[in-house]
Amino acid sequence: MTTKPDISLKFWNHMSLPENIHGIRNYLLDHGAPDSVDAAIILGSGLGGFGSEIENALSLPYSEIPGMPQSTVEGHTGSLIFGEIHGKTVLAFSGRFHYYEGYGFDKTIVPVQIAHAFQAEKLIISNAAGGINLDFRVGDLMIIDNIIRQSKMLSPPDPNRLIYDQYELTNKAYKLAQESGIEVKRGTYLFVTGPNYETKAEIHAFRYLGGDAVGMSTAPELMEASRLGLKAVAISLITNAAAGVTDQKLDHAEVKEAAEFKKDEFANLVKLFISDLE
Ligand code: HPA
């Protein structure tokens, strides 16, 4: 006898949010959060320091928010920050949730769902990634044009046959960065589940597949933003050459070092997107 997969159509109705997100929203409203924000930002590995750029900040640790997953990765502090940047109201997630930490994909997308619950008009996502493209150097910023998923299960089945549709803001973001004199690359982000780094042969294969950078986050978040009709733009900071690109050994310290080195430029790019990207 064959058993049908449980695709929980109830839960994943188009544009609906799971019940715990409403609970989180109510908790945040009770603790001084505004009713809505202009933009939301998910801060990647080592880029959590951006939180200090937020004015009139209200910072709420994930550990005190009922129903909120907890971040366990070094360099992700785990707090949700409401405040202002250049006069726009923002909601920043300092710390995200990765599949490799043991979270189901439904947990990795909680920040996107909270952003939607606060009616954010746009979502800016950042991450640290390994450079696959041989023209990329450590410290480069790459606007994500498209994603390649190693696992199609990274977003739950949507009865409406979810289509990735984050191209519009990407093009605008690239133009805006260029006009503002911020040097950015653009390319395809290839998602891996991690936690282990790739082999040289895998990176070689990924290059042939069309990947420019490889990382362990962001793709589920971009898919969820598509499902919710939330416009998103994602930026990778190339923190290391992916396996086999150079002879250097990969480690998390290198990722944090590159993030520290580029944090001002990254912050300028994010601020630009918050204030000028329509
Ligand atoms: N591989 C996968 N994820 C990463 C890397 C990498 O080389 N660097 C930063 N995140």
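Residues numbered from 1 in each chain as written. Predicted model: local features only at pLDDT ≥ 70, side-chain atom pairs only at ≥ 80, totals over all residues. Heavy atoms only, no water.

**Here we look at the side chain of Asp212**
Structurally, Asp212 is set in the loop between α5 (200-209) and β8 (213-215). Lacking a salt bridge, the buried Asp212 has Arg207 as its closest oppositely charged neighbour, with an N-O distance of 7.9 Å. A polar contact is formed between the side chain of Asp212 and the side chain of Asn133, at a distance of 3.0 Å. Here Asp212 is in contact with Gly130, Gly131, Ile132, Asn133, Phe136, Met142, Gly187 and Thr188, once residues within four sequence places are set aside. (Helix = DSSP H or I, 4+ residues; strand = E, 2+ residues; numbered from the N terminus. Buried < 20%, exposed > 50% of the residue type's maximum accessible area, 1.4 Å probe, protein only. Lys, Arg positive; Asp, Glu negative; His and termini not counted. Salt bridge = Lys/Arg side-chain N within 4 Å of Asp/Glu carboxyl O. Polar contact = N/O pair within 3.5 Å; in protein donor to acceptor, adjacent residues only side chain to side chain. Contact = heavy atoms within 4.5 Å.)

**A closer look at the pattern of salt bridges**
Per the stated rule, a full pass over the model turns up 9 salt bridges. A salt bridge links Glu53 to Lys271, with the shortest nitrogen-to-oxygen separation between them at 2.8 Å. Linking Glu53 in the loop between β1 (39-43) and β2 (55-61) with Lys271 in helix α7 (residues 252-276), this pair joins segments that are 218 residues apart in sequence. Through salt bridges that share partners, Asp140, Glu183 and Lys185 make up one connected network.

**Details of the nonpolar core**
Among the nonpolar cores identified, the biggest contains 47 residues, and Leu28, Ile65, Met68, Leu80, Leu91, Ile114 and Leu123 are the most heavily contacted of them. The residues touching Met68, leaving out its near neighbours within four places in the chain, are Ile24, Tyr62, Leu80, Phe93, Phe97, Val110 and Ile114. With 31 residues, the next largest nonpolar core counts Ile81, Ala173, Ala177 and Phe266 among its residues. (Core = buried A, V, L, I, M, F, W, Y, C linked by side-chain atoms within 4.5 Å.)

**Some points on helix α6 (residues 219-228)**
Residue pairs three or four apart in sequence face the same way in an α-helix, which turns once every 3.6 residues. Counted residue by residue, α6 has 10 buried out of 10 residues, so it is predominantly covered. Among all positions in α6, only Ala219, Pro220, Glu221, Leu222, Met223, Glu224, Ala225, Ser226, Arg227 and Leu228 are buried. Gly229 occupies a position one or two residues after α6 and carries a positive phi of about 75 degrees.

**With respect to the environment of Ala173**
Mapped onto the elements of the fold, Ala173 is located in helix α4 (residues 168-179). Residue Ala173 is classed as buried on the basis of its relative accessible area, which comes to 0%. C-alpha separation for the pair Ala173 and Leu269, spaced 96 residues apart in sequence, amounts to 9.3 Å. With near-sequence residues (within four places) excluded, Ala173 lies in contact with Ile143, Val233, Phe273 and Leu277.

**Focus on the confidence of the model for the protein**
In the predicted model, the protein carries a mean pLDDT of 85, and the fraction of residues at 70 or more is 85%. In this model residues 4-14 is a low-confidence stretch, pLDDT under 50, and it forms 19 contacts with partners more than four residues away in sequence or in other chains. (pLDDT = per-residue confidence, 0-100.)

**Regarding the site of the ligand**
Taken together, Ala128, Ala129, Gly130, Tyr197, Glu198, Val214, Gly215, Met216, Thr239 and Asn240 make up the full set of residues adjacent to the ligand. In the environment of the ligand, a nitrogen atom lies 2.8 Å from a nitrogen or oxygen atom belonging to the side chain of Glu198. Measuring from a nitrogen atom of the ligand, one finds a side-chain N or O atom of Asn240 at 2.7 Å. In isolation the ligand offers 260 Å² of accessible surface; the protein chains occlude 95% of this area. (Near = heavy atom within 4 Å. Areas by Shrake-Rupley, 256 points an atom, 1.4 Å probe, with all protein chains shown as cover.)

**A look at unusual backbone geometry**
The step from Gly194 to Pro195 runs through a cis peptide bond, and the omega angle for that step is 0 degrees. In this structure, Pro195 sits in the loop between β7 (185-191) and α5. Residue Asn56 is not a glycine yet carries a positive backbone phi of 45 degrees. Looking at the secondary structure, you find Asn56 in strand β2. Judged by relative accessible area, Asn56 falls into the exposed class, the value being 62%.

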